[in-house]
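Given next are the chains, with one letter for each unit.
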Amino acid sequence: MTVSIAPRVCPLCEACCGLDVHVDAQRVTAIRGRETDVFSHGYMCPKGVALKDLQDDPDRLRSPLVKRNGQFEPATWDEAFDEIERRLVPLRERHGPHSVAVTVGNPSSHKMGLLLYFGRVLKALGTRNAYSASTLDQMPKQLSSGLMFGHWLSIAVPDIERTDFLLVLGANPAASNGSLWTLPDFRGKAKALQARGGRLVVIDPRRSETAALADSHLTIRPGGDVFLLLGMVFTLFDERRVRLGAVAQHLAGLDDLRAAVQPFPPEAVADRCGIEAATIRGLARDLAAAPRAAVYGRMGTCVQPFGTLCSWLIDVLNTITGHLDQPGGVMFPKAPAFQANTEGSPGRGRGVITGRHVSRVSGAPEVFGELPMVCLAEEIETPGDGQVRALITIASNPVLSSPNGPRLAKALDSLEFMVSLDIYVNETSRHADVILPGLAPLEEPHYDAAFHQLAYRNAARYSTPVLPAPEGHVPEWQVLLKLAAIARGLGARADVFALDDELLAADLAKGAGAQAPALLAAVSGLTGPERLLELSLRTGPYGDGFGQRPDGLTLARLKAAPDGIDLGPLQPRIPEVLRTPSGKVELAPPMLLADLPRALADLARAAPDLVIVGRRQVRSNNSWMHNLPTLAKGPFRCTALVHPADAARLGLVDGGMARIARNGTSSIDAQVEVSDEVMPGVISLPHGWGHALPGARLSVAAARPGVNLNDVLDESLRDPLSGNAVLGGVEVQVAALPS
């Protein structure tokens, strides 16, 4: 047996671990962590091993499907594109460009072709109806970062390898390995922090995997995060502990910030967040006193009614304690390619704008070019000019991932036409008229265009295909260009390579002016995503400048480095990183100050008796991972965690069933797991389950389908600033079911 070992970067979560893929006769035989990888140093979680399952999965689609007489039938690529042209073009002609909506899911951020070419489709369609998973988990952080620092992806991440004190709020990086923070082996790095005398403090309503590692774990009432953070900021001003450090001259709005937090002393917010005032003040003092400290918050701080305020206040705390842009604090990665805050004039820019248009039915403002996913169903259901009549989903499963999936599923059935780019017939794509399958990850090249912008350390890594793509399979970037060609009236048989050349030439003419022809000529030997990557690498902060810096990065140099290229620890970047109109870090954006009265009004609201929150699990970051045997095996994980006191009060028993309802409008039946892991008054159910829907073809997942947390959530609840769905802290009623 002749086994070859191919290096590969794992595309299954934000950790982006380096792998060794063992291949024999074009079949994967084993997957191991790559010890020599410059970024992950051999670490790998169970998801990496599951790439073999994904490659071999008999449920994974290998050819297009077209629905005829209500049944999916195999089709050639030409037949599938012809069907799209036949049905989509006249629909747009009759009803206008906004009659077509597009959704994009999390896997797109791991697919270079999808990430770099999605914009081509959206521009060609000319629709305002763009929706993504960002409004289900992270848009508050993107908005607050944009308002403070000038760009949606100027997100400051903890410099964990040099910090002394890490405060984690509403996040579980031991399970996620970072989220909006690309971080392999959080567990190992947390233990190293503690070994050098540092402290890890976790605030979470559940004793999560991260909380179990912590030196201190504090429980908090779900939805109370904004009040804890406001109380801490108040304390720093009240006790004169504000220290601005090296960024002092680059800050704006300090006095406005001080005035804005005056209604929120710890003594006023303690009951609402469930943390004593003395503890709130103590946390603020510890943060201010630590020489090197960072505050990190994620999903739990975003998926609540005050998600944008929480995200802003986390960076406010980092800033006014002197830990912004400092080693051991929170810092801005400098990615080798595709990072907007390394392009153009440094230190000042246009900033971010929201509300350039609003959703037709609810009037929700556009944020980062998209509308809230929770608005999609009503846009399909509601008649009138601009009604959504067709949908294109790209690696997206909103029927499971968005609140009130049954309503959305019913709306999808009413569409005149639907196309899905997906590797499965899942709970969403089952509604499509045409499904266009993507390649398996090991069959295509890979570069993390998004996640190097969020990395704990600067690096560059590129993966060539481990296995050959099936003969005749159309790569995803070409699929997207074909859809763009159809939308532009060029037809289903348009030459996508010619279109790619045309669009790139237009982009270069706009951005590079007189240098555009020379740049285009310099990359003439490449096509598609590789050509875009070569351009961005060579003109980026570490690039060779097309010969001006002979030792700089090129795609060829990256391909010749199977372990990746280490570009060093994070470095201070203020003011260079800023793209705000003022050229300053904006501590008090007017949009955010204007939302504080809403928080003040909510402060007086009594806490509900019982609320539901989600739960991150290392083996199921996305719903489709439940179809991979390596990740699906083991104990049943879709259980509702209930504290023993609540179980006794409600008559629930471990292993029994409970009905979880919201205001009598919707309910789910879940298996109970009685555990003191969760605080009293809170029930926790993991996200992404509910695989019993008819028509889906996910045989492993269907064997233990679980229930969908989102089916009991309210799609009308969202953070009004970012449009992000409220997925946690929602009041529910729970009753035991007969055994």
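Going along each chain's sequence as written, the residues are numbered from 1 onward. Residues qualify for local features only when their pLDDT is at least 70, as the model is predicted, and side-chain atom pairs are given and counted only at 80 or more; totals for whole chains, interfaces and linings, by contrast, use all residues. Remark: hydrogens and water are excluded; side-chain values derive from all non-hydrogen atoms of the structure.

Trainee: Hey, could you run me through the environment of Pro158 in this one?
Mentor: A helix here means a DSSP run of H or I that spans at least four residues, while a strand means a run of E at least two residues long, and both kinds are numbered starting from the N terminus. Within the element layout of this structure, Pro158 appears in strand S8 (residues 157–158). The spatial distance from the C-alpha of Pro158 to the C-alpha of Pro327 is 9.1 Å, given a sequence separation of 169 residues.

Trainee: What am I meant to see in the sheet that holds strand S2 (residues 18–24) here?
Mentor: Picture the strands of a sheet paired through backbone hydrogen bonds; they go either parallel or antiparallel. Reading across the sheet, the three strands line up as S1-S2-S3 and stay open at both edges, with antiparallel pairing between neighbours. At either end of the open sheet lies a strand with only one pairing partner, and these are strand S1 (4–9) and strand S3 (27–33). Across the sheet, the axes of successive neighbouring strands diverge by a mean angle of 30°, strand direction being ignored. Pairing geometry for S2 and S3, over six bridges, is antiparallel. By the bridge assignment, Val23 is partnered in S3 with Val28. By definition, two strands form a pair when at least two bridges between them are found by DSSP. In this analysis, axes come from line fits to C-alpha atoms, helices being fitted only over the stretch in contact, and the angle between any two N-to-C directions falls in the range 0 to 180 degrees.

Trainee: Just to check I follow, could you spell out the packing of helix H4 (residues 112–125) against helix H21 (residues 528–539) for this structure?
Mentor: A pair of packed helices is characterised by two quantities: the angle between their axes and the separation of those axes. Following both chains from N to C, one finds H4 and H21 inclined at 80°, their axes separated by 9 Å at the closest point. Taken as axis vectors, H4 and H21 run roughly perpendicular relative to one another. Seen from H4, the contacting residues are Met112, Gly113, Leu116 and Tyr117; seen from H21, they are Gly528, Pro529, Leu532 and Leu533. As a working rule, the residues Ala, Val, Leu, Ile, Met, Phe, Trp, Tyr, Cys and Pro are called nonpolar, Asp, Glu, Lys and Arg charged, and the rest polar, with Gly in that last group. By residue class, the composition of the contact of H4 with H21 is six nonpolar, two polar and no charged. Put simply, angles under 35 degrees are roughly parallel, angles over 145 are roughly antiparallel, angles from 65 to 115 are roughly perpendicular, and the rest are oblique. Should any heavy atoms of two residues lie within 4.5 Å, those residues are counted as being in contact.

Trainee: Looking at this structure, I do not really get the packing of helix H9 (residues 225–238) against helix H11 (residues 266–273). What am I missing?
Mentor: Remark: H9 packs on H11, axes separated minimally by 9 Å, with the N-to-C direction vectors making an angle of 160°. Relative to H11, the element H9 lies roughly antiparallel. Crossing angle aside, the handedness with which H9 passes H11 is left-handed. Contacts between H9 and H11 involve Phe227, Leu228, Gly231, Phe234 and Thr235 on the former and, on the latter, Pro266, Val269, Arg272 and Cys273. Partitioning the contact of H9 with H11 into residue classes produces six nonpolar, two polar and one charged. The hand of a helix crossing depends on one turn: near helix anticlockwise from the far one by less than a right angle means left-handed, and clockwise means right-handed.

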